[in-house]
Structure formats: structure tokens, C-alpha cells
Amino acid sequence: MKQNKQDTIIATRNISRAYTMGNMQVTALNHVTINIRRGEFAAIMGKSGSGKSTLLHQLGLLDTPTEGEIIIDGAEISGLSESEQTIFRLKKFGYVFQEYAILPELTALENVYLPAMALGLSQDECVTKGMDALEKVGLAERSDHRPREMSGGEQQRVAIARALINKPKILFADEPTANLDSISSKQILELFRALNQDTGQTILMVTHELEDADLVDRVIWLADGKVMEREE
Amino acid sequence: MTPITTELKVSAFLAYKFIVKGNRGTSALTILIMALAFVNLMFTTSVFDGMGDATEKQVIDTLYSNIVIEPKDDEVYIKNPDAVVKKIINVPGVIGTSAQYVTGATIAYEEKSGAWSIRAVDPDDEQTVSLVPDMMITGEYLSKYDRGEIIIGKEIAGGQGGSLEHISLGGVVVGDTVEVTFTNGVKREYRVKGIFDTNFIQSNQMAYITKKEIESVLGIHDMASQILVKTDTKGEEDRFLNQFVELGVHEDIKPWTVYAGIVATLTQSFNVLNTLTGAIGFFVAGVTIFIVIYVSTVSKRRQMGILRAIGIKESIIIRSYVFQAVFFAVCGCIAGLAIMFVILVPYFTKHPMVFPMGDVTLLIEQKAAIMRSAGLIISAAIAGLLPSWRAARETILDAIWGD
Ligand SMILES: Nc1ncnc2c1ncn2[C@@H]1O[C@H](COP(=O)(O)OP(=O)(O)O)[C@@H](O)[C@H]1O
Ligand SMILES: [Mg+2]
């Protein structure tokens with residue numbers, strides 16, 4: 001038990017997220033309790049509308065649960081102020097969204113090193129780290145290209161490199177392959193797999209592709225905002 | 001905590017990239033709109049300043065020159081004006097003097113008559129302080145020993161399309177004889193030797209005869225109602241005033257501004273109008289800039305949400321938009337000034353506006369330009385601040401996925 005607890009990087013205790021729409025109450029998450037271990041590659045799966053994104057947003061500090069608590073790295077985070085959360089996200093989390101979500105005005109390299117720059121790194125450090133990250137996603141030679149000169153899969157890899165730049169404790173990805181063709185999708189998933197295996201990167205990924213389940217360590221199944229965990 | 005320099009660096013980096021790598025067309029349009037807002041703001045001011053400047057020039061060139069020396073309070077005339085002139089004529093910067101008599105008179109021609117002010121001058125001296133001798137439209141200016149001849153302004157003569165036709169003599173031409181009744185009752189007939197037009201309604205209501213002539217009318221010699229003094233610079237009248245006093249001039253010495261009551265009233269009404277149009281202009285410019293910046297920030301709402309999601313502080317994002325807005329405003333001001341100097345000023349120099357104080361061209365005062373640029377840049381900064389600040393208030397999820 002003790003061992004297990006130390007290994008937990010992120011845990012939730014009975015978190016719920018309800019939306020009030022007019023006089024209707026929508027419960028997107030319903031008393032969810034999960035543990036994600038350090039170095040784990042976990043997938044959140046379930047039907048559309050089952051609450052996958054909502055769960056990821058709570059864990060990634062992009063939203064606040066209406067009930068329950070979240071513990072990251074042993075610390076309860078509900079006490080963090082908004083700006084503390086911002087810094088937390090910058091230093092400890094990396095995000096990959098369904099849309100490529102990189103800035104069209106910046107080159108691949110600039111997009112990647114922006115979070116490092118915001119941490120106060122020098123230009124040289126930014127470039128070195130940015131190139132390293134681009135290397136990891138196999139786009140080092142495209143560093144000067146602007147997003148519009150790249151394919152969707154390449155843009156998504158730039159987003160992944162950006163997510164990795166500050167060596168995050170957890171990488172969050174919400175349906176990162178949903179907008180990609182099957183070849184690019186496979187590339188992205190293999191990249192995640194490799195990152196997890198080679199560097200022990202903790203990854204939490206929302207997906208609705210059933211075949212993705214084979215690639216990950218564990219699947220957290222959601223239905224109607226509730227967890228139905230089936231360990232492999 | 002990230003130090004402020006890091007924040008500024010990231011803000012500047014983002015602003016720079018958004019400007020340089022963003023949509024060129026949008027940037028150009030934004031700058032153009034800012035430039036037009038600036039021109040709109042500057043134009044009326046420049047016209048008013050141009051009117052003020054034209055009026056001042058007219059008052060100096062055709063009415064009072066730079067400095068006027070008058071008799072002491074309790075006296076009607078300066079006695080021995082030559083002695084006064086001798087004291088000041090060698091002061092560096094003094095380039096002319098004209099001692100003269102000023103008197104009221106009724107001038108009549110056929111059925112029509114009116115009361116005007118007549119100056120009696122030494123034509124040679126008058127050349128050194130006034131531009132009226134160069135502004136004859138028909139006939140000739142006086143010469144030193146002329147007797148029985150008079151020079152009148154266009155508004156006295158009438159028939160020249162002046163603004164005061166209804167109180168003029170109704171169309172006197174050179175060679176006509178007018179009857180002049182002086183304030184002491186003396187009545188003389190004068191041949192009109194010339195008619196002048198200064199373009200200035202005020203000086204066009206003057207008449208001139210020679211000193212010799214008036215001295216015979218008044219029966220006095222070596223006196224003057226005033227001495228006009230021309231200096232080579234404008235705006236340093238006080239320095240000359242002090243110097244004249246030191247040189248022993250005991251008469252009343254006044255700068256032209258004291259006589260320019262008309263300028264003062266005009267300037268005052270201009271200032272009121274100027275402030276009013278300025279305020280409206282600022283409001284319009286502010287709203288325009290606000291809309292332009294607002295539209296551009298609203299379209300970046302998602303982008304801002306994503307930046308916040310990956311941990312970029314709101315203040316960095318907001319500041320990057322303020323930087324952009326300020327950049328566009330600065331470019332707008334520069335472009336606006338270019339439009340003013342390259343297009344509008346040359347145009348109005350070629351085709352001046354005609355006003356009662358004469359031809360008016362645009363005058364761009366440095367102070368007005370600086371004030372208005374600063375105002376525009378500040379409005380732009382606020383316009384950049386508000387929408388991005390508002391957008392940063394909403395939740396990250398709403399910013400990225402909301403509608
Ligand atoms: N901002 C919101 N306001 C109201 N209801 C929401 C909002 N976001 C999500 N929901 C609802 O919560 C449920 C779960 O949504 P979501 O987590 O996006 O599902 P998934 O990602 O599994 O498709 C859905 O029923 C959705 O309609
Ligand atoms: Mg979803």
C-alpha cells in the first residue's frame with residue numbers, strides 16, 4: 001500500500017462536475033475516484049458525452065470540480081490560486097488538444113519553446129531545448145517551418161513537442177488523433193508509446209478509438225460520468 | 001514567480017510575431033484606419049492654428065507691426081517722435097519704424113458716407129513696417145510729398161466684392177474725389193490715388209494720407225499718435241520692450257498682441273471649437289481603434305485560451321495585445337503625419353482656404369501633433385487592454401471551446 005501510494009502521481013477522491021443549464025442539472029462527472037501511477041500510459045475511453053474530456057480537464061487543472069478533491073504529487077490542489085495553477089500548468093503539465101492548437105504566426109521551433117521562454121530560460125536554452133523536443137517528435141529539420149506549411153499530423157507533433165519542452169510530470173492529450181488520417185494517427189500513438197517507454201513519461205490520453213486500448217498500460221472506462229475500470 | 005523582464009520579453013516576442021507574421025492586409029488596414037483617425041483629429045486643429053497664424057501675420061503685416069509706441073496716458077501725441085526713433089533705430093533686430101498720426105474721419109462719396117480710421121504716414125517709413133504699400137490692387141501708393149490724395153482699403157471703396165459692401169462707398173475707383181471730414185471739423189476733398197486689398201477685413205477698412213497733409217489739417221508739427229516698430233523676429237517683443245525702456249523711451253510701449261483684440265477673441269473662440277472638435281475626434285478615434293482592436297482580439301479568443309491552458313500568464317497575453325495596439329497606433333500617427341505633410345499641407349498651400357483674415361493654410365503645431373499622437377496611442381493601449389482583459393477573465397475552457 002505504502003509503495004503504491006508513493007507511486008501515485010495524480011489521484012482523485014470522489015470528484016464530480018455538474019453543469020447547471022437553466023433549471024436543468026447535467027452531471028458530467030459523478031463521484032470519480034482514480035489513481036494514475038507515475039510512468040503510466042493510461043487511456044480514458046467511453047462513448048461520446050460520457051465525460052472523458054471533463055475528467056481530463058479536472059485532472060489538468062483547466063477546470064474545477066464542483067465536489068471532491070484532486071491530489072497531485074501528494075499535494076491537494078484545491079487550495080491553489082489561479083496564478084499558482086497557471087505556474088503549475090506551465091511547469092508540471094503538458095497538453096495536447098484535439099485541434100493542433102499551435103500559433104500560426106510562430107515557427108515550429110518558436111511554438112515549441114514558448115513555454116520555456118515563459119519560464120525565463122535564455123534564448124540559447126530555449127533553442128537547444130526546443131530542438132531537442134522537436135528531435136523527439138522527429139521534426140528537427142522542420143524547425144523553421146510555419147504551421148500552415150505542415151500537415152495536420154506534423155502540427156500535432158509540434159504540439160506534442162511543445163507539451164514536452166518543460167519536462168512535464170504528466171502529459172495530457174484529449175483525442176489527439178481525432179482529426180488525423182490513420183497513418184498520422186498511428187505515428188502519434190507510437191510516439192506516445194515510445195515517450196512512455198524510453199523516458200517514463202506519464203501520459204493520460206482521452207481516446208474513442210477502441211484499437212488504441214492495445215497500446216496503453218491501462219484503460220479507464222467512463223459511462224455517464226462514472227468509472228467502470230477494467231484492469232488488464 | 002517569473003520576473004517581470006521575462007514577462008515583458010514573452011509579451012514583446014508574441015506581439016512582434018503577431019505583427020510581423022500576422023495577416024499583412026489586416027495590419028495595413030488597421031494602420032490606415034489609425035492614420036485616418038489621426039488626420040481627422042489633426043485637421044481641424046491645423047485649420048484653426050492656420051487661421052490663428054494667418055490672423056497674427058495680418059495684424060503684424062498690415063495693422064500694427066511688431067511693437068507700438070504710444071503717448072503716455074495723459075497725452076494725445078508723442079512729441080518729437082524723431083527723438084524716440086533715434087533712440088531705438090540702432091537696436092539690433094529693429095528693422096523699421098514709422099511714426100504716424102491716427103484719426104477718425106467721415107469719408108463721403110456721392111450719396112454714401114461712413115466713419116473710418118485714417119492713418120497719416122511718411123510713405124517711405126511706412127514701407128519699412130507695413131505690407132500695405134505692396135498690396136495695391138489699382139492706382140498707386142502715396143509718395144512723400146503728396147497732398148490732396150488718399151489711399152483707401154477695398155472695404156471702404158466698395159464694388160470689389162468685399163464682405164462689407166453694404167457700408168462701403170459703393171464703388172469708388174481711382175481718380176474719384178471723396179470728401180473727408182476730420183474730427184476737428186475740417187473738411188477736405190481728396191483724389192483717390194489707389195485702392196489696396198490685404199485680404200484682411202480689418203486692415204481693408206483703413207485709409208492713408210501723408211503726414212504733410214494731416215499736419216496742415218490739424219495745424220501741428222513733429223508729433224505722432226503712434227510709432228510702429230518692425231523687428232526681425234516674432235515672439236520676442238518683451239525683450240525689445242525692456243531694451244527700449246533701458247534706452248530711455250518713456251512712452252507707452254506695447255507688443256502687437258495687446259492691439260490684437262480681434263485675434264484674442266478669434267483665438268478664444270477657436271480654442272473652444274478646437275477643444276470641442278478635439279474631444280469629439282478623440283471619442284471617434286477611440287471608438288474606431290477600440291472596434292478594430294476588439295475585432296482582432298475576439299478572433300484570437302481561442303488562441304488566447306490555448307496560451308493560458310499551456311501556462312502562459314494572462315498578464316503576458318494581455319500585454320502582448322497592448323503592445324500590438326500601441327504599435328499600430330504609433331504607425332498610424334506616423335502615417336497620419338505623412339498624409340498631412342505630403343498630401344494635405346502642400347494641397348492647401350496651393351489652394352488656400354479663404355477666410356476674413358486672408359488665405360489660410362494648414363499649420364501643424366508640434367505641440368498639437370504630440371498631444372494628439374499621445375492621446376491616440378493611449379486610447380489604443382486602452383482599446384487593446386479592455387477586450388483582452390475581458391477575454392482573459394472568462395474560463396480557459398470557455399475561451400477555447402465556448403461560443
Ligand atoms: N460547458 C458545458 N456546459 C454544459 N454541459 C456540458 C459542458 N461541457 C460538457 N457538458 C456535458 O457534460 C457531458 C460530458 O461531456 P464531455 O466530457 O465533453 O464528454 P466526452 O468528452 O466524453 O465526449 C456531456 O453530456 C456534455 O453535454
Ligand atoms: Mg471530449
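### What about helix α7 (residues 182-199) of chain A?
All names here are of chain A.
Then step 1. Under the 1.5 Å per step criterion, the end-to-end length of α7 is 25 Å for 18 residues, consistent within 8% with the ideal 26 Å.
Then step 2. Residues of α7 that are buried: Ser-184, Ser-185, Ile-188, Leu-189, Leu-191, Phe-192, Arg-193, Leu-195 and Asn-196.
Then step 3. Packed against the buried residues of α7 are β4 (41-46), α5 (123-136), α6 (152-164), β8 (170-174) and β9 (202-206).
Then step 4. At the N-terminal boundary of α7, the capping side chain belongs to Asp-181, with an oxygen 3.1 Å from the backbone nitrogen of Ile-183.
Then step 5. Immediately downstream of α7, the backbone of Gly-200 shows phi near 70 degrees, a positive value.

### Looking at the environment of Met-136 of chain B
Residue and element names in this part refer to chain B.
Then step 1. Position of Met-136 among the secondary structure elements: in strand β5 (residues 136-139).
Then step 2. Counting along the chain gives 122 residues from Met-136 to Val-258, while the straight-line C-alpha distance between them is 27 Å.
Then step 3. When neighbours within four sequence positions are excluded, Met-136 is seen to be in contact with Tyr-141, Ile-151, Gly-194, Ile-195 and Phe-196.

### Things to note about the site of ligand 1
Residues and elements named next belong to chain A.
Then step 1. By nearness alone, every residue bordering ligand 1 is listed as Tyr-19, Met-21, Ala-28, Lys-47, Ser-48, Gly-49, Ser-50, Gly-51, Lys-52, Ser-53 and Thr-54.
Then step 2. One of the side-chain N or O atoms of Thr-54 is found 2.5 Å from an oxygen atom in ligand 1.
Then step 3. Of all the secondary structure elements, the ones that give two or more residues to the shell around ligand 1 are β1 (8-21) and α2 (52-59).
Then step 4. The leading source of residues in the shell around ligand 1 is α2, at three residues.
Then step 5. Residue classes in the shell around ligand 1 are distributed as three nonpolar, six polar and two charged.

### Details of the interface of chain A and chain B
Then step 1. Contact residues are listed per partner, giving 29 residues for chain A and 27 residues for chain B.
Then step 2. Both sides together, the interface formed by chain A and chain B hides about 2,500 Å², and carbon and sulfur atoms give 68% of it.
Then step 3. The tally of links between chain A and chain B comes to two salt bridges.
Then step 4. Close ionic contact of Glu-99 of chain A with Arg-302 of chain B constitutes a salt bridge, the shortest N to O distance being 3.8 Å.
Then step 5. Listed by contribution, the elements that provide at least two residues to the side of chain A that touches chain B are α3 (82-92) and α4 (108-118) of chain A.
Then step 6. With six residues, the top contributor of residues to the side of chain A that touches chain B is α4 of chain A.
Then step 7. When its residues are assigned to classes, the side of chain A that touches chain B shows 16 nonpolar, five polar and eight charged.

### Notes on a nonpolar patch on the surface
Then step 1. Taken together, the side chains of Leu-276, Ile-280, Phe-283, Val-284, Val-287, Ile-291 and Val-295 of chain B define a hydrophobic patch exposed on the protein surface, amounting to about 670 Å² of accessible area.
Then step 2. Along the chain, the position of Phe-283 of chain B falls in helix α9 (residues 261-298).

### Comments concerning the domain arrangement of chain B
All names here are of chain B.
Then step 1. We note that the domain assignment places domain 1 (3-59 + 263-401) and domain 2 (72-250) within chain B.
Then step 2. Facing ten residues of domain 1, the contacting portion of domain 2 comprises five residues.
Then step 3. Buried area between domain 1 and domain 2, summed over both chains or domains, comes out near 530 Å², and the portion from carbon and sulfur atoms is 50%.
Then step 4. The largest per-residue losses of area from domain 1 upon contact with domain 2 belong to Glu-56, Gln-58 and Pro-356, which jointly make up 63% of the total buried on that side.
Then step 5. Our count for the domain 1 to domain 2 interface comes out at two salt bridges.
Then step 6. Linking Lys-234 and Asp-53 is a salt bridge whose minimum nitrogen-to-oxygen distance equals 3.9 Å.

Reading the values: the criteria
- All residue numbers refer to positions counted from 1 along the written sequence of the respective chain.
- Written order determines the labels here, with chains lettered from A and ligands numbered from 1.
- Whole-chain, interface and lining totals are the exception, using all residues; otherwise, since this is a predicted model, local features are given only for residues with pLDDT of at least 70 and side-chain atom pairs are given and counted only at 80 or more.
- Hydrogens and waters are ignored; side-chain quantities use all the structure's heavy atoms.
- We count a stretch as a helix when DSSP gives it H or I for four or more residues in a row; a strand needs E for two or more, and each element gets its number in order from the N terminus.
- By this rule, a helix spans an expected 1.5 Å times one less than how many residues it contains.
- Burial status follows relative accessibility: with a 1.4 Å probe on protein chains alone, a residue under 20% of its type maximum counts as buried, one over 50% as exposed, and anything between as partly exposed.
- Any pair of residues with heavy atoms lying within 4.5 Å of one another is described as a contacting pair.
- The definition of a polar contact used here is a pair of N or O atoms within 3.5 Å, where within protein one atom must be able to donate a hydrogen and the other to accept one, and adjacent residues in sequence count solely through side-chain atom pairs.
- Only heavy atoms are used to decide nearness, and a residue is near a molecule or strand if one of them lies within 4 Å of it.
- Each residue is assigned to one class: nonpolar for Ala, Val, Leu, Ile, Met, Phe, Trp, Tyr, Cys and Pro, charged for Asp, Glu, Lys and Arg, and polar for all the others, Gly among them.
- In this description, buried area is defined as the sum, over both parts, of the accessible area (probe of 1.4 Å) that is lost when the two are combined.
- When a carboxyl oxygen of Asp or Glu lies within 4 Å of a side-chain nitrogen of Lys or Arg, that pair is called a salt bridge.
- Patches draw on residues past 30% relative accessible area with no salt bridge. Two like charges within 9 Å are joined, as are two nonpolar side chains (Val, Leu, Ile, Met, Phe, Trp, Tyr) within 5 Å.
- For the accessible areas, the method is Shrake-Rupley and the probe is 1.4 Å, while residue cover comes only from the protein chains on display.
- Domain segmentation is taken from an automatic or database assignment of domains.

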